[in-house]
Amino acid sequence: MTAASSAPLDPQVLVVLGATGDLARREIFPGLFRLFRDGLLPEDFRVVGSGRHSPGDDAAFRDQLADAVGRFTEGTVEPAAWQAFARRIGFAVSSAEDGTELAAAVRRARAELGERAGVLVHLSVPPAVAEDMVRMLGATGIADDARLVLEKPFGTNLASARSLDATLAELAPEERVFRIDHFLAEEAVRNLLALRFAGGPLTSAWHRDQVAYVRIDVPEELGLEGRAGFLESTGTFRDMVVTHLCQVLGLVAMAPPARLSAAELRAEKLRVFRALRPLDPAETVFGQFDGYRDEDGVAADSTVETFVAVRAWVDDWRWRGVPFLLRTGKAMRASRRVISLGFREPPVALFDDPTGAAAPAGRGPMELSLELSARPEVSLRLPVKRPGFGFELAPARLALRTADLFGDGEPLPAYAKLLADAMRGDQTLFTGAAEVERLWEVCDPVLRNPPAPSGYPRGSWGPAAADRLAGAIGWAVPER
Ligand SMILES: NC(=O)C1=CN([C@@H]2O[C@H](COP(=O)(O)OP(=O)(O)OC[C@H]3O[C@@H](n4cnc5c(N)ncnc54)[C@H](OP(=O)(O)O)[C@@H]3O)[C@@H](O)[C@H]2O)C=CC1
Ligand SMILES: O=C1O[C@H](COP(=O)(O)O)[C@@H](O)[C@H](O)[C@H]1O
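Conventions we followed
- Residues numbered from 1 in each chain as written.
- Chains lettered and ligands numbered in written order.
- Predicted model: local features only at pLDDT ≥ 70, side-chain atom pairs only at ≥ 80, totals over all residues.
- Heavy atoms only, no water.
- Helix = DSSP H or I, 4+ residues; strand = E, 2+ residues; numbered from the N terminus.
- Rg over C-alpha atoms; globule rule 2.2 N^0.38 Å.
- Buried < 20%, exposed > 50% of the residue type's maximum accessible area, 1.4 Å probe, protein only.
- Contact = heavy atoms within 4.5 Å.
- UniProt positions renumbered as here; feature names shortened; annotations may be inferred.
- Polar contact = N/O pair within 3.5 Å; in protein donor to acceptor, adjacent residues only side chain to side chain.
- Near = heavy atom within 4 Å.
- Areas by Shrake-Rupley, 256 points an atom, 1.4 Å probe, with all protein chains shown as cover.
- Nonpolar A, V, L, I, M, F, W, Y, C, P; charged D, E, K, R; others polar.
- Expected span 1.5 Å × (residues − 1).

A. View of the overall build of the protein chain. Of regular secondary structure, the protein chain possesses 14 helices and 15 strands. Computed over the C-alpha atoms, the radius of gyration of the protein chain is 23 Å, within 12% of the 23 Å expected from 2.2 N^0.38 for a compact globule of 480 residues. If one aligns the C-alpha atoms of the protein chain with their principal axes, the spans along those axes are about 80 × 50 × 40 Å. Taken across its 480 residues, the protein chain has 53% of its residues classed as buried. Considering only residue pairs separated by 6 or more positions, the protein chain has 77% of its internal contacts joining residues 24 or more positions apart.

B. Structural view of the UniProt feature "domain: Glucose-6-phosphate dehydrogenase NAD-binding" (unreviewed entry) in the protein chain. Within the UniProt annotation, "domain: Glucose-6-phosphate dehydrogenase NAD-binding" (unreviewed entry) is assigned to residues 15-191. End C-alpha atoms of residues 15-191 are separated by 31 Å, and the span's content is 48% helix alongside 16% strand.

C. The arrangement of the environment of Asp426 in detail. Positionally, Asp426 belongs in the loop between helix 12 (414-424) and helix 13 (433-448). In the structure, Asp426 is positioned 33 residues away from Leu393 in sequence and 49 Å away in space, judged by C-alpha atoms. At 2.5 Å, the side chain of Asp426 and the side chain of Thr428 are in polar contact.

D. Broad picture of the site of ligand 2. Taken together, Lys152, His182, Phe183, Glu220, Arg227, Asp239, Met240, His244, Lys330 and Arg337 are the residues near ligand 2. In this structure, His182 approaches ligand 2 through a side-chain N or O atom, which is 2.8 Å from an oxygen atom. Contact distances for ligand 2 include 2.6 Å between an oxygen atom and a side-chain N or O atom of Asp239. Computed on the free molecule, ligand 2 has an accessible area of 380 Å², of which 80% lies beneath the protein chains in the complex. Broken down by class, the residue content of the shell around ligand 2 amounts to two nonpolar, two polar and six charged.

E. Fine view of helix 1 (residues 22-37). Helix length check: helix 1 (16 residues) gives 22 Å between terminal C-alpha atoms against 22 Å at 1.5 Å per residue, within 8%. With 12 of 16 residues buried, helix 1 lies mostly within the body of the structure. The set of residues buried in helix 1 consists of Asp22, Ala24, Arg26, Ile28, Phe29, Pro30, Gly31, Leu32, Phe33, Arg34, Leu35 and Phe36. Of the surrounding secondary structure, the elements contacted by the buried residues of helix 1 are strand 1 (12-17), strand 2 (45-51), helix 2 (58-72), helix 3 (79-86), strand 4 (118-123) and helix 12. Gly39 occupies a position one or two residues after helix 1 and carries a positive phi of about 70 degrees.

The structure is reproduced here in structure tokens:
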């Protein structure tokens, strides 16, 4: 994995399609501002936001962004820094059918920056329109020498992902195509690689001989946040499972790569995804939070899932027989992103039961948990002997918080890291075409035969059927 190069960057025109959308205001513009503040953008740059509907003029667009950046930036936004950043931002209308105004804005920006100026286009648009937007970039010449950053989900199924890959291949060599899955750039996910591959007993324990189950749990408190249109057309399975949760599964399950390069990481993940058994609708639970159908923009008879739980299996030598439990949903009790590995229990419960039958319910096996927050936490739940006369065991937790080690400064958000990497042409943390296509293949049985969603109350942990799916392993996220 390459460190951010300190070499000065050529001037850049940064184009954001879907610039009025949720991702743009929540992550992309705050991310770009953060890079600007940290001196990680080139000396000379322009930002062209684009969408089908103009917010009015450049000033109105900047006002919208000032609001968003203030809200979604950690720490204070210094007015002088914001002004210096904002004066380089403009807006141009575009759609899949007509990119004339956008192309003119990009040409003007390049002319201002000089002939060395590069172009980076981030397509922050729903997956169903990505290919048409890519074609528009080709037809207008914007894609000619630009780097193209594509959002997840990449396509909406295997056929559309292949078609999008084919269209991209006509316009740009693979080195200029960046398929984003921002979970891969989370500080904590990269910390997982350190934990696994920097040596020590965890490297050899990462195996079916020692590990009884893996859980990847991403409940979210947030509901629709004005994204009814997106969720109604995409659903949580495509939005979160085919993408983030499966990608994290790939990093958890992969064998050690020969080196931390894009090619090696992609190859090792692909090996896992080839061994990933096609998901079984009978081992998948869909849920829909109560009241979802009353939300603006949601069909009165919508069967779109806002919650998914899956039991998956990786049929290779390392993982065969180990369940991988995946769960995510909107409007749930808490927002967490936790990977847990439960270690096998000894064959005889020496301390608990004279018959050697089982450990008492509630204590659970030794479990390693990684909190995928911007400030990574690693903890180990393990049994300790309660001091005293007998041999009673109690659960305890050893926790390591990187903020305690390195200070609690403002971590670089995943999107800022990815945008900086894309500008530098570093694809290490981006996904490859083959792995994305294989994941669509694995997920296809559920897409073709989706389970009917069960209702669940807002603020709960999801439908009871998901608890039954997890069985004795359960879904409990560690206390913080
Ligand atoms: N929101 C999030 O937290 C995250 C989202 N993503 C991904 O980002 C992408 C965008 O999501 P999000 O911002 O949430 O979605 P939104 O619906 O909020 O925004 C999408 C934007 O795309 C534009 N758009 C919509 N339809 C079309 C169309 N037919 N042609 C051209 N442009 C269109 C809209 O702008 P206009 O109407 O002006 O054209 C809109 O601003 C998705 O792929 C999503 O998976 C990834 C990570 C996190
Ligand atoms: O890609 C997406 O991710 C977010 C969750 O990511 P986070 O970094 O905001 O925690 C999810 O809410 C959204 O639906 C999805 O499109």
